[in-house]
Amino acid sequence: MTTPGPAAPRAMVFPDLATLSDAVARAVVEAAHESLLHRGRFTIALSGGDTPRPAYELLGGRYAGDIDWSRTEIFFGDERCVPQDDARSNFRLARESFLSRLPVAPRALYPMYEAGEPPGVAAQRYEELLRSAFPAMSAADPPTFDLAFQGVGPDGHTASLFPGNPALGELERWVVPVRARPDVEIRDRISLTLPALNHARRVLFMVAGDAKRDAVSRVLRPRQADEPALPAALVSGLDDTCWMLDVAAAGDLAR
Ligand code: 6PG
């Protein structure tokens, strides 16, 4: 199993989704400023689902002028295998909520899935894209996103790495096709793997709502010896791992 990076997770709790979303958007701006200052480039891997929308809308609204999008490269941490205009597409979420509203186009925008692509072909294509976008010292070095923007499911999944799914055990490839459980909306997905996620400089988890409370507690509390780690607990950044929560998701962590 991939050893999480050295950054022990820290948590920040906010009264509600609105204040959480504003703080998350500001954290993305701060990560962009640091990356652009030190590396002249800002690379971010976006998450999907419902939670990020208000924060993404702020990135396309109040904070749109605070990031140099012409030096920003947008990737995805995972994607459902649906057309990009499907309401369940993570790409569509990002495009609608902020990418279509930016003052200037991002330097690069890399959707993870094209309609009709076999998932395995899409994953291979994306891995090759990452290899050219992150010319590392050695081919073995995974991509180093400046920021991996993550969500968490009630079951503790992150990206499309679900508990017990073989994709969790992938230690070589950076991008894999995923066949999720039958109860998961859109079973065919593409996902970054733990090696790719854990090589990000910063990981930011945005989590809201009491449906996530148990997963958050299981990740942020000390684990029983015989308790399997949730997928989200296996993801951490090289420099920083920050769990940004509303009170509902934080539960008694908020006290
Ligand atoms: C996806 C996401 C996934 C998401 C969680 C939480 O494609 O579904 O990338 O990892 O972050 O499922 O989703 P909600 O924010 O909708 O609860």
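What you see is a predicted model, and the numbers here were worked out from it, not measured in a lab.

**Quick notes on the sheet that holds strand S4 (residues 78-80)**
Right, so step 1: Taken in spatial order, the three strands of this open sheet run S4-S8-S7, and their pairing is antiparallel. The strands lining the two open edges of the sheet, one partner per strand, are S4 and strand S7 (175-179). In this sheet, neighbouring strand axes are inclined to one another by 20 degrees on average, regardless of whether the strands run parallel or antiparallel.
Right, so step 2: One ladder, built from three bridges, connects S4 with strand S8 (residues 188-192); its direction is antiparallel. Looking at the pairing, Asp78 lines up with Ser191 of S8.
Right, so step 3: Against the sheet, helix H4 (residues 119-133) contacts S7 and S8, and its axis sits at roughly 155 degrees relative to S7.

**Examining the site of the ligand**
Right, so step 1: As a structural note, the neighbourhood of the ligand is formed by 16 residues, with Asp50, Thr51, Asp78, Ala159 and Lys212 the closest of them.
Right, so step 2: The backbone of Ala159 places a nitrogen or oxygen atom 2.7 Å from an oxygen atom of the ligand.
Right, so step 3: Within the side chain of Lys212, a nitrogen or oxygen atom sits 2.6 Å from an oxygen atom of the ligand.

**Overview of the sheet that holds strand S3 (residues 72-76)**
Right, so step 1: Here we have seven strands laid out as an open sheet, ordered S1-S10-S9-S6-S2-S3-S5, and parallel in their pairing. Edge positions in the open sheet fall to strand S1 (10-14) and strand S5 (108-109), since each of these has one partner strand only.
Right, so step 2: Across two bridges, S3 lies against S5 in parallel orientation. What sits directly across from Glu73, in S5, is Ala108.
Right, so step 3: The strands touched by helix H6 (residues 213-220) are S1, strand S9 (202-207) and strand S10 (240-246); relative to S10, the strand with the most contacts, the crossing angle is about 150 degrees.

**Regarding the nonpolar core**
Right, so step 1: Counting residues in each nonpolar core, the largest one holds 81 residues, and the members touching the most others are Leu59, Phe75, Phe98, Leu130, Val175, Leu192 and Trp243.
Right, so step 2: With nine residues, helix H1 (residues 17-39) is the largest single contributor of residues to this core.
Right, so step 3: Setting aside its immediate chain neighbours within four residues, Leu192 contacts Ala45, Phe76, Gly77, Met112, Leu130, Phe145, Leu161, Trp174, Val175 and Leu197.

**A look at the pairing of S8**
Right, so step 1: S8 sits mainly inside the fold: four of its five residues count as buried.
Right, so step 2: Taken together, the five bridges between S7 and S8 define a ladder with antiparallel strand orientation. Paired with Pro177 across the strands is Ile190, a residue of S8.

**Quick word on the pattern of salt bridges**
Right, so step 1: Taken as a whole and judged by the stated rule, the model has 22 salt bridges.
Right, so step 2: A salt bridge links Arg189 to Asp78, with the shortest nitrogen-to-oxygen separation between them at 3.8 Å. You can see Arg189 sitting in strand S8 and its partner Asp78 sitting in strand S4, a full 111 residues away along the chain. Note on accessibility: Arg189 and Asp78 belong to one class, buried.
Right, so step 3: Across the salt bridge formed by Arg131 and Glu127, the nearest N and O atoms sit 2.9 Å from each other. Here Glu127 and Arg131 lie together in helix H4, a separation of four residues that amounts to about one turn.
Right, so step 4: The class for Arg131 is partly exposed, based on a relative accessible area of 34%.
Right, so step 5: Judged by relative accessible area, which is 6%, Glu127 ranks as buried.
Right, so step 6: A cluster of three or more residues bridged by salt bridges with shared partners is formed by Glu34, Arg39, Asp146 and Arg201.

Here is what the cut-offs are and how they apply
- Residues numbered from 1 in each chain as written.
- Predicted model: local features only at pLDDT ≥ 70, side-chain atom pairs only at ≥ 80, totals over all residues.
- Heavy atoms only, no water.
- Pairing = 2+ DSSP bridges.
- Helix = DSSP H or I, 4+ residues; strand = E, 2+ residues; numbered from the N terminus.
- Axes fitted to C-alpha atoms, helices over the stretch in contact; angles between N-to-C directions.
- Contact = heavy atoms within 4.5 Å.
- Near = heavy atom within 4 Å.
- Polar contact = N/O pair within 3.5 Å; in protein donor to acceptor, adjacent residues only side chain to side chain.
- Core = buried A, V, L, I, M, F, W, Y, C linked by side-chain atoms within 4.5 Å.
- Buried < 20%, exposed > 50% of the residue type's maximum accessible area, 1.4 Å probe, protein only.
- Salt bridge = Lys/Arg side-chain N within 4 Å of Asp/Glu carboxyl O.

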